[in-house]
Amino acid sequence: MIDVAPATFRIGVVGAGRVGAVLAHALRAAGHEVVSAAGESDASRNRMATLLPGVDIDKPSAVARDCDLLLLTVPDDMLPNVVAMLSASGAIHAGQYVVHTSGRHGLGVLAEAISVGAHAIALHPAMTFTGTEVDLPRLHDCVFGVTAEEPERAVAQRLVDDLGGRTMWVPEDRRTLYHAGLAHGANHLVTLVTEAMEILSAAGAADPAGTLRPLLTAALDNALSSGDAALTGPIARGDVNTVAAHLADLQLNAPQALASYVALARATLDRVVTDGRLLPIRAARIRLMLDEAVAPSRQPLL
């Protein structure tokens, strides 16, 4: 017998954190029924009260038993245990759709759900979430990294459409690589920008965010459209003395940012040498300075 997916789903949410509450709200607005949700923390319950008013709060096993589409939005490291527990208890059942939102995991983590006859989908929004209504318009045109077998692809596509997003089909064996690209580009960007604001504050900027915003907006747009061709600055130009001055001042006034400055300067140096903009001999002088700046026995650069 072939399972026929309903036109709309009765959705249960396990892990009503920043992602779960927002996605459930959006799916509810698209016509699906959110029947219950599980969330233990005060923050999760407050999100449910704000974004999912009237939805029952229950235990994960009860939530799973009472729905035909189970949305698992728990942290990556918890997901295997949650799937195992709900599958072993019979809460996850045959014919049910089990959808997780982990970027790292694909379908393998849902193997125990599949073994009891459930349909598995990995559906990860390539977006950062606050867990508030601010996130809802951001779902429009958001890319979802989706992994699903052929029988589940139509449902996966429908969910993305209902969320207002765009689908990127990710092969099972490329799932972690996909997530690493997002984490490197977005999570590490937050660290980089925060450190840059700290450096500008140390330089006397009253509004470091306002100082950086137009520059970063232009740099991001240029990088997304042009890649390495968008690189500018002292490394790309081979300005040895400017890089030396940066390193010396960072050591004295913003030492917390020195290691990341050096790491990113090395990566930038490799790219501009590879594309022929910087002669290897000049790059070698810069690389030596970078190495000396973070050497264990380093002395302040003068």
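In this text the structure is predicted, and so the values were computed from the model without any measurement. (Residues numbered from 1 in each chain as written. Predicted model: local features only at pLDDT ≥ 70, side-chain atom pairs only at ≥ 80, totals over all residues. Heavy atoms only, no water.)

Looking at the pattern of salt bridges
Going through the model one piece at a time under the given rule, you end up with eleven salt bridges. One salt bridge in this structure joins Asp 239 and Arg 237, with 2.8 Å as the shortest N-O distance. You can call Asp 239 partly exposed: its relative accessible area is 24%. A relative accessible area of 52% places Arg 237 in the exposed class. We note a salt bridge from Asp 275 to Arg 277, for which the minimum N-O separation is 3.1 Å. Given a relative accessible area of 39%, Asp 275 falls into the partly exposed group. (Salt bridge = Lys/Arg side-chain N within 4 Å of Asp/Glu carboxyl O. Buried < 20%, exposed > 50% of the residue type's maximum accessible area, 1.4 Å probe, protein only.)

Describing a nonpolar patch on the surface
On the surface, Leu 189, Leu 192 and Leu 264 cluster together into a nonpolar patch covering about 230 Å² of accessible area. With respect to the helices, strands and loops of the structure, Leu 192 is situated in helix α7 (residues 175-202). (Patch = residues over 30% accessible without salt bridge, like charges linked within 9 Å, V, L, I, M, F, W, Y side chains within 5 Å. Areas by Shrake-Rupley, 256 points an atom, 1.4 Å probe, with all protein chains shown as cover. Helix = DSSP H or I, 4+ residues; strand = E, 2+ residues; numbered from the N terminus.)

Notes on the layout of surface pockets
Empty pockets left among the atoms are what a rolling probe the size of a water molecule brings to light. Taken as a whole, the second largest pocket spans an internal volume of roughly 400 Å³. In terms of lining residues, the second largest pocket is bounded by 23 residues, among which Gly 15, Ala 38, Gly 39, Glu 40 and Val 74 are the most central. No other element matches helix α1 (residues 18-29), which puts three residues into the lining of the second largest pocket. (1 Å grid on protein atoms, 1.4 Å probe; cavity = no way out; pocket = protein on both sides within 12 Å on 5 of 7 lines; lining within 4 Å. Points joined across faces, edges and corners; volume = space filled by probe spheres on them.)

Some thoughts on the packing of aromatic side chains
Under the definition given, this model contains one aromatic pair. Centroid distance Phe 9 to Tyr 97: 5.5 Å. Interplanar angle 70 degrees. Geometry classified as edge-to-face. In this pair, Phe 9 is assigned in the segment before β1 (10-14) and Tyr 97 in strand β5 (residues 97-100), connecting sequence segments 88 residues apart. Judged by its relative accessible area of 2%, Phe 9 is buried. (Phe/Tyr/Trp six-rings, centres within 6.5 Å; stacked < 30°, edge-to-face > 60°.)

Considering empty space enclosed by the protein
For the structure on display, the rule yields one cavity of 30 Å³ or more. In this model, the largest cavity occupies a volume close to 40 Å³. The set of elements that each furnish at least two residues to the lining of the largest cavity consists of α1 and α6 (150-163). Of the residues contributing to the lining of the largest cavity, the split by class is seven nonpolar, no polar and no charged. (Nonpolar A, V, L, I, M, F, W, Y, C, P; charged D, E, K, R; others polar.)

What to know about the environment of Val 160
Of note, Val 160 is situated in helix α6. The exposure class assigned to Val 160 is buried, which follows from its relative accessible area of 0%. Residues in contact with Val 160, not counting those within four places in the same chain, are Leu 123, Phe 144, Val 146, Gly 165, Arg 166 and Thr 167. (Contact = heavy atoms within 4.5 Å.)

Points about the packing of α7 against helix α8 (residues 208-226)
Two numbers describe how α7 lies on α8: the axes approach to 9 Å, and their chain directions differ by 130 degrees. Of the possible angle classes, the one that applies to α7 and α8 is oblique. Seen from above, α7 lies across α8 with right-handed handedness. Contact residues: α7 offers Val 193, Ala 196, Met 197, Leu 200 and Ser 201, while α8 offers Pro 208, Ala 209, Thr 211, Leu 212 and Leu 216. Classifying every residue of the contact of α7 with α8 by side-chain character gives eight nonpolar, two polar and no charged. (Axes fitted to C-alpha atoms, helices over the stretch in contact; angles between N-to-C directions. Parallel < 35°, antiparallel > 145°, perpendicular 65-115°, else oblique. Left-handed = near helix turned anticlockwise from the far one by under 90°.)

Examining the pairing of β1
Of all five residues making up β1, four are buried, and the element is well covered by its neighbours. Direction of pairing for β1 relative to strand β2 (residues 33-38): parallel, over a ladder of five bridges. Counterpart to Val 14 in the pairing with β2 is Ala 38. The pairing of β1 with strand β4 (residues 69-72) spans four bridges and is classified as parallel. Across the sheet, the residue bridging to Gly 12 is Leu 70, located in β4. (Pairing = 2+ DSSP bridges.)

Here's the deal with unusual backbone geometry
One non-glycine residue with positive phi stands out, namely Asp 141, at about 75 degrees. Taking the relative accessible area as the measure of exposure, Asp 141 reaches 41% and is therefore partly exposed.

Remarks on α6
In a regular helix each residue adds 1.5 Å, so 14 residues correspond to 20 Å; α6 covers 21 Å between its end C-alpha atoms and thus fits that length. Among the residues making up α6, those that are buried are Glu 152, Val 155, Ala 156, Leu 159, Val 160 and Leu 163. The arc that holds the buried residues of α6, viewed along the axis, is 140 degrees, so those residues lie on one side. Exposed residues lying more than 90 degrees from the buried face of α6 are Glu 150 and Ala 154. Buried residues in α6 make contact with α1, β4, β5, β6 (119-125), β7 (143-148) and β8 (166-169). Looking one or two residues beyond α6, the residue adopting positive phi is Gly 164, at roughly 80 degrees. (Expected span 1.5 Å × (residues − 1). Arc of directions from axis to C-beta.)

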